[in-house]
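So you can see what is in the structure, the chains are spelled out below.
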Amino acid sequence: MTVQELPGAAAYRPTPPPAWKPLTDPAPLLPDPEPYRVLGTDAVADADPELLLRLYAELVRGRRYNAQATALTKQGRLAVYPSSTGQEACEIAAALVLEERDWLFPSYRDTLAAVARGLDPVEALTLLRGDRHTGYDPRTHRIAPLCTPLATQLPHAVGLAHAARLKGDDVVALAMVGDGGTSEGDFHEALNFAAVWKAPVVFLVQNNGFAISVPLAKQTAAPSLAHKAVGYGMPGRLVDGNDAAAVHQVLSEAVARARSGGGPTLVEAVTYRMDAHTNADDATRYRGDSEVEAWRDHDPVQLLERELTGRGLLDEEGVEEARAAAERMAAALRERMNADPELDPMDLFTHVYAEQTAQLREQAARLRQELAAENDQHGTDGGAAR
């Protein structure tokens, strides 16, 4: 028997429950129709000159870091490196808007953001050279592990931010993801939980045009990725991802909103990946040189340099000073990465569990015996192996 066949069905006119009604007016949540900009507009007059100069120095250093890390892959010192050349404004701004107590949740391409937040440049590359774990202690630096699964860090960011709020800790989590990551289920789950819980978290989507070789148009039909925020009940912001001042301002406002109890924000930064997806990718198979060259005219380093020199805040000496500092960083990185790391096989059993299981203790004892026997056979010093 169907509902229509039940007695009195003709008079049955259910009223939608209150939960059906929109909880939020969608209009204030909608992003601007065009990416927000500061450089080259009247808004730049309100920008802090010291902040602009710091952003510039970090951008120059970041550009050189990307180039040096890419070179290390060609020398066999790194297994892989996902360059963020062209996206430095997003990376640097994300690091600089956070307080020391806050947490950064990067994606695999966000090595530069981790370094700008204070992580040792070599430790940031440790995972990519095939060494142990993440190469650094996430709790010490308040930077979640750099890892390659797409968008898995987003629910973790929400969980940490929600837990901090429940404990009364004044902590904000900033989670970074690429446009490709927005097609993952973790992205949608994270945004939904964050909005329902009003968690103090900011989602930064770096829309660099491609998920490896898949253009954005083949991933979504939405007006912008920032529009996706409305469906979860949080504001969406659209910003020029190559305008360092604009990205810093928009993220600062989102972080302040989260810290004050206003809940999460989704920020889409429109940028471009100048290099290939990684050193293992051939980008010429899915995009033309003319497209890349067009974006070079909107290079984040050059945009800020032109603004600063035009306003008399930066001269040729200042430019050379920033480049020289970046070169010193690159030289130190080369020297340290060219040294073979000393690896201890017993580290295989470290950080697996807080307390080792009986099985792990048995395996560790067996390996220790095998290493001792090998050392006795070859007359070498015990312990670490190169």
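In what follows, the accompanying structure is described.

## Looking at helix α12 (residues 358-378)
Between its terminal C-alpha atoms α12 stretches 31 Å, which fits the 30 Å expected from 21 residues at 1.5 Å a residue. For α12, the full list of buried residues reads L360, A364, L367, L371 and N375. Seen end-on, α12 carries its buried residues on one side only, within an arc spanning 75°. Residues of α12 that are exposed and point over 90 degrees away from its buried face: A358, Q359, Q369, D376 and Q377. After α12 finishes, the residue G379 shows a positive phi value of roughly 70°.

## Details of the packing of helix α1 (residues 49-74) against helix α2 (residues 88-96)
Their axes nearest at 9 Å, the elements α1 and α2 cross at an angle of 125°. In terms of their interaxial angle, α1 and α2 are classed as oblique. As for how α1 packs across α2, the hand of that crossing is right-handed. Across the interface between the two elements, R54, L55, E58, L59, G62, R63 and N66 of α1 pack against E88, A89, I92 and L96 of α2. Residue composition of the contact of α1 with α2, grouped by class: five nonpolar, two polar and four charged.

## Quick word on a nonpolar patch on the surface
Taken together, the side chains of F193, V196 and W197 define a hydrophobic patch exposed on the protein surface, amounting to about 300 Å² of accessible area. With respect to the helices, strands and loops of the structure, W197 is situated in helix α7 (residues 185-197).

## Notes on a negative patch on the surface
Residues D315, E316, E317 and E321 make up a contiguous surface patch of negative charge. Note on placement: E317 falls in helix α11 (residues 316-337).

Thresholds, definitions, all that
Residues numbered from 1 in each chain as written. Predicted model: local features only at pLDDT ≥ 70, side-chain atom pairs only at ≥ 80, totals over all residues. Heavy atoms only, no water. Helix = DSSP H or I, 4+ residues; strand = E, 2+ residues; numbered from the N terminus. Expected span 1.5 Å × (residues − 1). Buried < 20%, exposed > 50% of the residue type's maximum accessible area, 1.4 Å probe, protein only. Arc of directions from axis to C-beta. Axes fitted to C-alpha atoms, helices over the stretch in contact; angles between N-to-C directions. Parallel < 35°, antiparallel > 145°, perpendicular 65-115°, else oblique. Left-handed = near helix turned anticlockwise from the far one by under 90°. Contact = heavy atoms within 4.5 Å. Nonpolar A, V, L, I, M, F, W, Y, C, P; charged D, E, K, R; others polar. Patch = residues over 30% accessible without salt bridge, like charges linked within 9 Å, V, L, I, M, F, W, Y side chains within 5 Å. Areas by Shrake-Rupley, 256 points an atom, 1.4 Å probe, with all protein chains shown as cover. Salt bridge = Lys/Arg side-chain N within 4 Å of Asp/Glu carboxyl O. Lys, Arg positive; Asp, Glu negative; His and termini not counted. Charge placed at Lys NZ, Arg CZ, Asp CG, Glu CD.

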